[in-house]
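Fold and geometry: a report
What follows is each chain in one-letter form.
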There are 2 protein chains.
Amino acid sequence: MKRLLERIDREILAAGGKRSRSRAVVIEGFFRARDHVTIDELTRSVRESAPGIGAVTVYRTLKLLERLGYAKELDFGEGARRYESNLSPHHDHLVCRRCGTVIEFEDREIENLQVLVTRRHGFHPTAHRLEIYGFCRKCASGDSPERFR
Amino acid sequence: MKRLLERIDREILAAGGKRSRSRAVVIEGFFRARDHVTIDELTRSVRESAPGIGAVTVYRTLKLLERLGYAKELDFGEGARRYESNLSPHHDHLVCRRCGTVIEFEDREIENLQVLVTRRHGFHPTAHRLEIYGFCRKCASGDSPERFR
DNA sequence: TATTATTATGATAATGAATTTCATAATCAT
DNA sequence: ATGATTATGAAATTCATTATCATAATAATA
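From a predicted model like this one, the values you see are computed outputs, not experimental measurements.

**Looking at the sheet that holds strand 4 (residues 92–96) of chain B**
Pairing within the open sheet is mixed, and its six strands lie in the order 5(A)-4(A)-6(A)-6(B)-4(B)-5(B). Since the sheet does not close on itself, it has two edges, and those belong to strand 5 (102–105) of chain A together with strand 5 (102–105) of chain B, each with one partner. With strand direction ignored, the average angle separating the axes of adjacent strands in the sheet is 20°. Bridge analysis of strand 6 (residues 124–135) of chain A against strand 6 (residues 124–135) of chain B gives eleven bridges, and the strand direction is antiparallel.

The following block contains the structure:
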């Protein structure tokens, strides 16, 4: 973790940025936080140790991390973006509509088929998003079927 | 088209709704419009023939069509939702980052693999979204490579 | 180390899509 | 026609995100 933060610091400097206290706090908070955080969630958690941090700084810092390739924007259609760290290899998401749990999965075969699809259409892919919505094991095993809506 | 509009009218009535002029205009406009329209786009186009229509009515009418199963909400990360008619069978989208063209595709094999993935995680899928972003054939064949950003 | 130049911060305002409110109008059932 | 209900549309509201701007912090220079 220390090495990571130092590396990011160096990249920020190299890009003409400065290392500020607030930014460092947000960055460390982001990597410590659970994955798929909301700006709001991260702001709250970061403010517990550093109450002065403005939400705007959190927005800006995550945009910065995204530019540097350390964070990825997610959108599960909730109205607010989420961010995940981009350290682990590419994966897609199963999103539970009831409890909000997010399960990550990776399927090489699906990825390959996607490439074939784009090829058939002369399309040059640069990114994709695949999310499967539904109910996780726990939520699906509830007794009352009407919980599904 | 006429049959479709009549059928929708009947369903609205059956659900306790009323058939209003504005709503009829919006619904017909929606099915005549090109697919993947924005609320704003549809509002403009509808207002050409019926200038009085309020944007709110367009919002409400599309929500209604979605509830009835005739429209699907899309989100290509542009900040504004898009809607497509839900008459054709399920499909996913290739979205060109340059010209905005949307190519629809359907791949049974990908769908099957998705089911297998969810099964592995004890997850009960109810919906999914798969979008591949990149450049369509025309935009990719441009001479200047720096158009890719 | 002191100075200067640049970047970052954070409070507030602005933006923009989507929703709510509410008085009025249209539509349906009697 | 009448009454009851639903729909409309303008304006206000909400909420996430971005822009503004004066101040503060940081880096580079002397």
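**Some thoughts on the domain arrangement of chain A**
All names here are of chain A. Annotation of chain A at the domain level lists domain 1 (2–85) and domain 2 (92–147). Using only C-alpha atoms to locate each centre, domain 1 and domain 2 end up separated by 25 Å. Between domain 1 and domain 2, the residue contacts involve six residues of the former and seven residues of the latter. In this assembly, domain 1 packs against domain 2 so that about 520 Å² is buried in total across both faces, 55% of it on carbon and sulfur atoms. Among the residues of domain 1 in contact with domain 2, H36, D75 and F76 are the three that bury the most area, contributing 82% of the side total. Here domain 1 and domain 2 share zero salt bridges between them. At the surface where domain 1 touches domain 2, the tally comes to four residue pairs in polar contact (both at pLDDT 80 or more). Taken together, the residues of the side of domain 1 that touches domain 2 sort by class into two nonpolar, one polar and three charged.

**A short note on the environment of G52 of chain B**
Positionally, G52 of chain B belongs in the loop between helix 3 (39–49) and helix 4 (55–68). Along the backbone, G52 of chain B and N86 of chain B are 34 residues apart, and their C-alpha atoms lie at a distance of 27 Å.

**Here's the deal with the protein's contact with DNA strand C**
Taken together, 22 residues sit near DNA strand C, with K18, S20, T57 and R60 of chain A together with R19 of chain B positioned nearest. At the protein interface, 68% of the atoms of DNA strand C within 4 Å belong to sugar or phosphate. K18 of chain B is positioned with one of its side-chain polar atoms (N or O) 2.9 Å from a base oxygen of DNA strand C. Residue assignment for the surface near DNA strand C shows that the elements contributing at least two residues are helix 2 (21–32) and helix 4 (55–68) of chain A together with helix 4 of chain B. Residues that form the surface near DNA strand C fall into these classes: five nonpolar, eight polar and nine charged.

**A look at the protein's contact with DNA strand D**
The full set close to DNA strand D counts 22 residues, and K18, S20, R23, T57 and R60 of chain B are the nearest of them. A distance of 2.8 Å separates a base oxygen of DNA strand D from a polar side-chain atom of K18 of chain A. Sorting the residues of the surface near DNA strand D by element identifies helix 4 of chain A together with helix 2 (21–32) and helix 4 of chain B as the ones contributing at least two each. Each residue belonging to the surface near DNA strand D can be placed in one class, and the counts come to five nonpolar, eight polar and nine charged.

**Notes on the side chain of E111 of chain B**
Along the chain, E111 of chain B turns up in helix 5 (residues 108–120). Setting aside chain neighbours within four positions, we find E111 of chain B in contact with H90, D92 and H128 of chain B.

**So, the relation of the copies chain B and chain A**
Both copies of the chain are placed relative to one another by a rotation about an axis and a shift along it. Structural alignment of chain B on chain A gives an RMSD of 0.0 Å, achieved by rotating through 180° and translating 0.0 Å along the axis. Viewed as a symmetry operation, the transformation between the two copies matches a two-fold axis. Among all residues of chain B, the one whose C-alpha sits closest to the rotation axis is L130 of chain B, at a distance of 2.2 Å. Mapped onto chain A, 100% of the interface residues of chain B again fall at the interface, so both copies present the same surface.

**Focus on the packing of helix 2 of chain A against helix 4 of chain A**
Residue and element names in this part refer to chain A. Running from N to C, helix 2 and helix 4 cross one another at 65°; their axes reach a closest spacing of 10 Å. Taken together, the axis directions place helix 2 and helix 4 in an arrangement best described as roughly perpendicular. Judged by the sense of rotation from one axis to the other, the crossing of helix 2 with helix 4 is right-handed. Residues S22, R23, V26, I27 and F30 of helix 2 lie in contact with helix 4, whose contacting residues are T57, V58, T61, L62, L64 and L65.

**Points about the pattern of salt bridges**
Once their charged atoms are close, side chains differing in charge can pair, the charge on each being opposite to the other. All names here are of chain B. Scanning all chains against the criterion turns up 24 salt bridges over all chains. Of the charged contacts, one joins R32 and E28 as a salt bridge, the two residues approaching to 2.6 Å between their closest N and O atoms. Highlighted residues: R32 and E28, both in helix 2, separated by four residues, approximately one helical turn. On the basis of relative accessibility, which here comes to 57%, the residue R32 falls in the exposed class. Look at E28 and you get partly exposed, because its relative accessible area is 28%. A salt bridge links E78 to R82; the shortest N-O distance between them is 2.7 Å.

Analysis parameters
Residues numbered from 1 in each chain as written. Chains lettered and ligands numbered in written order. Predicted model: local features only at pLDDT ≥ 70, side-chain atom pairs only at ≥ 80, totals over all residues. Heavy atoms only, no water. Pairing = 2+ DSSP bridges. Helix = DSSP H or I, 4+ residues; strand = E, 2+ residues; numbered from the N terminus. Axes fitted to C-alpha atoms, helices over the stretch in contact; angles between N-to-C directions. Domains from an automatic or database assignment. Contact = heavy atoms within 4.5 Å. Buried area = accessible area lost by both parts, 1.4 Å probe. Salt bridge = Lys/Arg side-chain N within 4 Å of Asp/Glu carboxyl O. Polar contact = N/O pair within 3.5 Å; in protein donor to acceptor, adjacent residues only side chain to side chain. Nonpolar A, V, L, I, M, F, W, Y, C, P; charged D, E, K, R; others polar. Near = heavy atom within 4 Å. Least-squares fit on C-alpha atoms with pLDDT ≥ 70 in both. Parallel < 35°, antiparallel > 145°, perpendicular 65-115°, else oblique. Left-handed = near helix turned anticlockwise from the far one by under 90°. Buried < 20%, exposed > 50% of the residue type's maximum accessible area, 1.4 Å probe, protein only.

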